[in-house]
Amino acid sequence: MPVAGPKRVILAAPRGYCAGVDRAVIAVEKALERYGAPVYVRKQIVHNTHVVSELEALGAIFVEEVDEVPLGSHVVFSAHGVSPAVVSAASDRGLQAIDATCPLVTKVHREAVRFARDDFEILLIGHDGHEEVEGTAGEAPEHVTVVNSPEHADTVEVRDPEKVVWLSQTTLSVDETMETVRRLRIRFPHLQDPPSDDICYATQNRQVAIKKVATGADLVIVVGSANSSNSVRLVEVALEHGAKAAYRVDYADEVKQEWLDGVETVGITSGASVPEVLVQQVLEDLAGAGYRDIEEVRTAEEDLIFSLPKELREGRGTGGRASA
Ligand code: SF4
């Protein structure tokens, strides 16, 4: 049985809420205040179990598709964005839509529209079936092919190799995406890059921070939900950058006692859809297990705030609250 040395925690920063998640959650809260319960939300507003259940308790009803929403009701589109087909379906039902799509996802939609208009074939790097990928691909279904992985880059076919551009989901691993692009470029030397980074600032910042923390960690705990792409990527990035073990948990009580066996240094981070209170609960439990020495390692400052969706701006404050 290994003998553990001094127990300590290294807390990654930035972690937790990004500007797009903050805005989307406030949008549902404001919609409930303004219109009263229930307010319908298509898909999970953000991919976090705790956030969704808190909003349900306030009167939000989460549905999979707009045809489940009663005619004429208010419906919020999630931070991951929607395709034009969903916007039309909501309009056909006379729904009053509030679009909480993160502006950084909307930026990728605009790129897809623009490149499709110029008759490019768009290789959209991302996870097939993820809501964001469905929304972006839905802007130009005839022009988009989803590339799921670096291996897929070796086999994907295009119509005209002279006219190909790559775009990506906002919450991918930066390193893996660059590997996918490297392999695509071997096959398609004329491959164009997106006009600016599609992987968003929050995803990148959280990955940079966990890389630094993981190097010295026996164990990394990522707080975040299983369907949160950026949270799952943080586990992978931690393992690739030196963490001896890394696990994802929704809640503190999911941390298993045996994970801590022989562990001196625990690294902690959280995905972009995770409220800080959930991280603090993990820290409290770790303190109970003797990990009271906490050092924060910060690799970037974040002060981005997005204004609320236009449907909620009038007569209200326009900004989100400060990000964690
Ligand atoms: Fe927007 Fe990035 Fe946050 Fe997604 S993770 S909501 S793209 S800021």
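This one's a predicted model, so the numbers in the text were calculated from it and none came from an experiment. (Residues numbered from 1 in each chain as written. Predicted model: local features only at pLDDT ≥ 70, side-chain atom pairs only at ≥ 80, totals over all residues. Heavy atoms only, no water.)

On to the overall build of the protein, then. Looking only at helices and strands, one finds 10 helices and 12 strands in the protein. Taken over the C-alpha trace, the protein has a radius of gyration of 21 Å; the compact-globule value for 324 residues is 20 Å, and the two agree within 12%. Along the first, second and third principal axes, the C-alpha atoms of the protein reach 65 × 55 × 30 Å. When the 324 residues of the protein are sorted by exposure, 53% land in the buried category. Within the protein, contacts between residues separated by at least 24 positions form 76% of all contacts whose residues are at least 6 apart in sequence. (Helix = DSSP H or I, 4+ residues; strand = E, 2+ residues; numbered from the N terminus. Rg over C-alpha atoms; globule rule 2.2 N^0.38 Å. Buried < 20%, exposed > 50% of the residue type's maximum accessible area, 1.4 Å probe, protein only. Contact = heavy atoms within 4.5 Å.)

Judged by pairing direction, the sheet is parallel, and its 5 strands sit side by side in the order E10-E9-E11-E1-E12 without closing on themselves. Of all the strands in the sheet, the pair left with one neighbour each is strand E10 (246-249) and strand E12 (293-298). Taking each pair of neighbouring strands and ignoring which way they run, the sheet shows an average axis angle of 25°. Both strand E9 (residues 219-223) and strand E11 (residues 265-270) contribute to a ladder of 5 bridges, which runs parallel. Looking across to E11, one finds that valine 222 is bridged to threonine 269. Packed on one face of the sheet, helix H9 (residues 229-240) meets E9, E10 and E11 and runs near 165° to E10. (Pairing = 2+ DSSP bridges. Axes fitted to C-alpha atoms, helices over the stretch in contact; angles between N-to-C directions.)

Along strand E4 (residues 74-77), one buried face is formed by His74 and Val76 and the opposite face, lined by Val75 and Phe77, is buried too. In terms of strand pairing, E4 meets strand E5 (residues 96-99) through 4 bridges, oriented parallel. Following the sheet pairing, phenylalanine 77 is matched in E5 by aspartate 99.

Before going further, it helps to examine the site of the ligand. The environment of the ligand is made up of Cys18, Gly20, Val21, Cys102, Leu104, Val105, Thr170, Thr171, Cys200, Tyr201 and Ala272. Taking a 2 Å distance to the grid points as the criterion, the majority of the atoms of the ligand fall inside the largest cavity. Those elements that provide at least two residues to the shell around the ligand are helix H1 (19-35) and helix H4 (103-117). (Near = heavy atom within 4 Å. 1 Å grid on protein atoms, 1.4 Å probe; cavity = no way out; pocket = protein on both sides within 12 Å on 5 of 7 lines; lining within 4 Å. Sits in = over half its atoms within 2 Å of the grid points.)

When its volume is computed, the largest pocket comes out at roughly 210 Å³. Considering the residues around the largest pocket, the lining is formed by 13 residues, among which Arg23, Asp99, Thr101, Pro309 and Arg313 are closest to the centre. The biggest single contributor to the lining of the largest pocket is H4, with 3 residues. Class assignment for the residues of the lining of the largest pocket results in 4 nonpolar, 3 polar and 6 charged. (Points joined across faces, edges and corners; volume = space filled by probe spheres on them. Nonpolar A, V, L, I, M, F, W, Y, C, P; charged D, E, K, R; others polar.)

This part covers the pattern of salt bridges. Tallied over the entire structure, the rule returns 23 salt bridges. Here aspartate 175 and lysine 211 are joined by a salt bridge, their closest N and O atoms 3.1 Å apart. Linking aspartate 175 in helix H7 (residues 174-187) with lysine 211 in helix H8 (residues 201-215), this pair joins segments that are 36 residues apart in sequence. Take aspartate 175: its relative accessible area is 35%, and that puts it in the partly exposed class. Accessibility expressed as a relative area gives 23% for lysine 211, which makes it partly exposed. For the salt bridge of aspartate 218 with lysine 244, the shortest nitrogen-to-oxygen distance reads 2.7 Å. Taken together, the residues span a long stretch of sequence, with aspartate 218 in the loop between H8 and E9 and lysine 244 in the loop between H9 and E10 at a distance of 26 residues. Aspartate 218 sits in the buried class, given a relative accessible area of 14%. Of the residues examined, lysine 244 reaches a relative accessible area of 65% and is grouped as exposed. (Salt bridge = Lys/Arg side-chain N within 4 Å of Asp/Glu carboxyl O.)

It is at 10 Å that the axes of H1 and helix H2 (residues 49-58) come closest, and there the two elements cross at 5°. In terms of orientation, H1 and H2 fall into the roughly parallel class. Each of Val25, Val28, Glu29 and Leu32 in H1 lies in contact with H2, whose residues at this interface are Val51, Leu55 and Leu58. For the contact of H1 with H2, the class distribution of residues is 6 nonpolar, no polar and 1 charged. (Parallel < 35°, antiparallel > 145°, perpendicular 65-115°, else oblique.)

Moving on, we get to the environment of isoleucine 268. Here isoleucine 268 lies in strand E11. Note: C-alpha distance between isoleucine 268 and valine 223 (45 residues apart in sequence) is 7.7 Å. Setting aside anything within four residues of it in sequence, one finds isoleucine 268 in contact with Val9, Ile10, Leu11, Ala12, Val213, Ile221, Val279, Val282, Leu283 and Leu286.

Before going further, it helps to spend a moment on the packing of aromatic side chains. By the definition in use, this model includes 2 aromatic pairs. Between phenylalanine 115 and phenylalanine 120 the ring centres are 5.4 Å apart and the planes differ by 80°, which places this aromatic pair in the edge-to-face class. In terms of burial, phenylalanine 115 and phenylalanine 120 fall into one category: buried. Measuring from ring centre to ring centre gives 3.9 Å for tyrosine 247 and tryptophan 259, while their planes differ by 5°; the resulting arrangement is stacked. (Phe/Tyr/Trp six-rings, centres within 6.5 Å; stacked < 30°, edge-to-face > 60°.)

With the rule as written, the count across this model stands at 3 cavities of 30 Å³ or more. As for the largest cavity, its lining consists of 25 residues, and the residues nearest its centre are Cys18, Val21, His80, Thr170 and Thr171. Looking at the lining of the largest cavity, the elements that each hand over two or more residues are H1, H4, H8 and H9. Class assignment for the residues of the lining of the largest cavity results in 13 nonpolar, 11 polar and 1 charged. Put simply, the second largest cavity is a space of about 70 Å³.

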